[in-house]
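# Structural characterization, general
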Amino acid sequence: MTIRVGILGYGNLGRGVELALQKVDDLALAAVFTRRDPSTLQLATSGVPAVSVNDLEAWKEKIDVLILCGGSATDLPVQTPEMAKLFNVIDSFDTHARIPEHFAAVDKAAKESGHLGIISVGWDPGLFSLARLYGNAILPDGKDYTFWGKGVSQGHSDAIRRISGVKNAKQYTVPVEKALEAVRSGAQPELTTREKHTRECYVVLEPGADPKAVEKAIVTMPNYFDEYDTTVHFIDEEEFKKNHSGLAHGGFVLRSGATGADGEHKHVIEFNLKLDSNPEFTSSVLVAYARAAYRLHQEGQTGCRTVFDVAPAYLASQDGEYLRSHML
């Protein structure tokens, strides 16, 4: 049986989910739901309708899993619990501090309606979370380290674009190589925020804007740049379009620990990602967990789950016999 998937939201993430579904045989796109005028959407999958969000309820028997592709700030805290009343759901909620309350809201709605939801699916939270869990379970005597980048921070880029005089901007988070190598050595250093990452900004100015004033506004911005060594590069629009139009990202999760009676044997576990397209990779993770959500629900499970609760075999399209003979 083909698992019928709906997409709610058709931005970078929603388009990525659509492309990811084209790579698999056991899931298929049934509909894309949008707050925009559906007639304005140009889908990449022929024969699939774009549907107004106002008509979601009419699709509750036609969708096996709904993948929510909105933002974590305002969309998902409202949408995921609401949609869990109608569908099995997947989201990429990534506000780490608010995951417990989001989990509780989705769990309540999904249990009451008999559905299953998996939240905070992606690479951080998501795959990086699993790497941290495995590291802690295996090396209880140790320390965690997470480095992000080099990659585009969309929130920080948006913050720069809001500064008066800025026409366009991209901000890259960059791990400090010296700090990364110290962790890889097993030294278990204590690292400040400034010692772990730097920030590089590429800015296109409006005509007549003062570059010194813009640079000062960036590097002193609280909660974004004031705790980091920040470099600002002013470039023209042509260079921006040529070299800074992508959404690359990635990062590293490390667990540095020790075994032995006196901790004499040192070990470092490292998991890293290098991504050409952050939204397309995240979308691919969402699709794998959509498969898992369907299977878990078929077994009679309801309520909310995270990546910690889903056995790896549920993610794979192959059966257990294949996995044991080819991947174990």
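Coordinates for the structure precede this section.
Along each chain, residues carry numbers from 1 onward, in the same order as the chain's sequence is written. In keeping with the predicted nature of the model, local features appear solely for residues at pLDDT of at least 70, side-chain atom pairs appear and are counted solely at 80 or more, and the whole-chain, interface and lining totals rest on all residues. Side-chain numbers come from the whole structure's heavy atoms, not from hydrogens or water.

Turning our eyes to something else, we now look at the sheet that holds strand β7 (residues 142-148). Pairing in this open sheet of 3 strands is antiparallel, and the strands run β7-β12-β13 from one edge to the other. Across the chains shown, the open sheet's two edge strands, defined by having one partner strand only, are β7 and β13 (265-275). The mean inter-strand angle of the sheet, taken between neighbouring strand axes irrespective of direction, is 10°. With 7 bridges joining them, β7 and strand β12 (residues 249-259) adopt antiparallel strand pairing. Directly across from T146, in β12, lies its bridge partner V253. Contacts are assigned to residue pairs with any non-hydrogen atoms lying within 4.5 Å of each other. For helices, the axis comes from a line fit to the C-alpha atoms of the stretch in contact; other axes are also lines fit to C-alpha atoms, and the angle between any two N-to-C directions lies between 0 and 180 degrees. Only DSSP runs of H or I reaching four residues or more are called helices, and only runs of E reaching two or more are called strands; each is numbered from the N terminus. Across the face of the sheet, helix α4 (residues 127-138) comes into contact with β7, β12 and β13 while running at roughly 5° to β12. Most of the contacts of helix α6 (residues 177-184) go to β12, to which it runs at about 35°, and overall it touches β7, β12 and β13. Note: two strands are recorded as paired if DSSP finds a minimum of 2 bridges between them.

This paragraph deals with unusual backbone geometry. The linkage connecting D124 with the following residue, P125, adopts the cis geometry, with an omega of 5°. On the secondary structure map, P125 appears in the loop between β6 (116-118) and α4. The omega torsion across G149 and K150 is 0°, close enough to zero to call that bond cis. One can find K150 in the loop between β7 and β8 (151-152). Here S120, not a glycine, exhibits a phi torsion of approximately 55°, which is positive. Inspection of the secondary structure puts S120 in the loop between β6 and α4. Backbone geometry places Q188, a non-glycine residue, at a positive phi of 55°. As for its placement among the helices and strands, Q188 is situated in the loop between α6 and α7 (193-196). Whether a residue is buried, partly exposed or exposed follows from its accessible area with a 1.4 Å probe, protein chains only, as a fraction of its type maximum: under 20%, in between, or over 50%, in that order. For Q188, a relative accessible area of 27% puts it in the partly exposed group.

This brings us to the side chain of Q171. Mapped onto the secondary structure, Q171 falls in strand β9 (residues 166-175). Looking at Q171, the relative accessible area reads 0%, which means it is buried. As used in this structure description, the phrase polar contact means that two N or O atoms lie within 3.5 Å; if the pair is within protein, one of them must be able to donate a hydrogen and the other to accept it, and residues adjacent in sequence are counted only when both atoms belong to side chains. Within the local environment of Q171, its side chain forms a polar contact with the side chain of R199, the two groups lying 3.2 Å apart. Sequence-distant contacts of Q171, defined by excluding residues within four places in its chain, comprise G151, V152, S153, H156, S157, I160, R199, E200, C201 and F225.

It is worth spelling out the sheet that holds strand β2 (residues 27-34) at this point. Read across the open sheet, the 7 strands follow the order β3-β2-β1-β4-β5-β6-β14; overall the sheet is parallel. Each edge of the open sheet is held by one strand with a lone partner, namely β3 (50-52) and β14 (303-305). On average, each strand axis in the sheet is inclined to that of its neighbour by 25°, with strand direction left out of account. This element, helix α3 (residues 99-113), spans β6 and β14 of the sheet and lies at about 140° to β14. Helix α10 (residues 278-298) rests against β1 (3-8), β2, β4 (65-68), β5 (88-90) and β6 of the sheet, and its axis sits at about 155° to β6.

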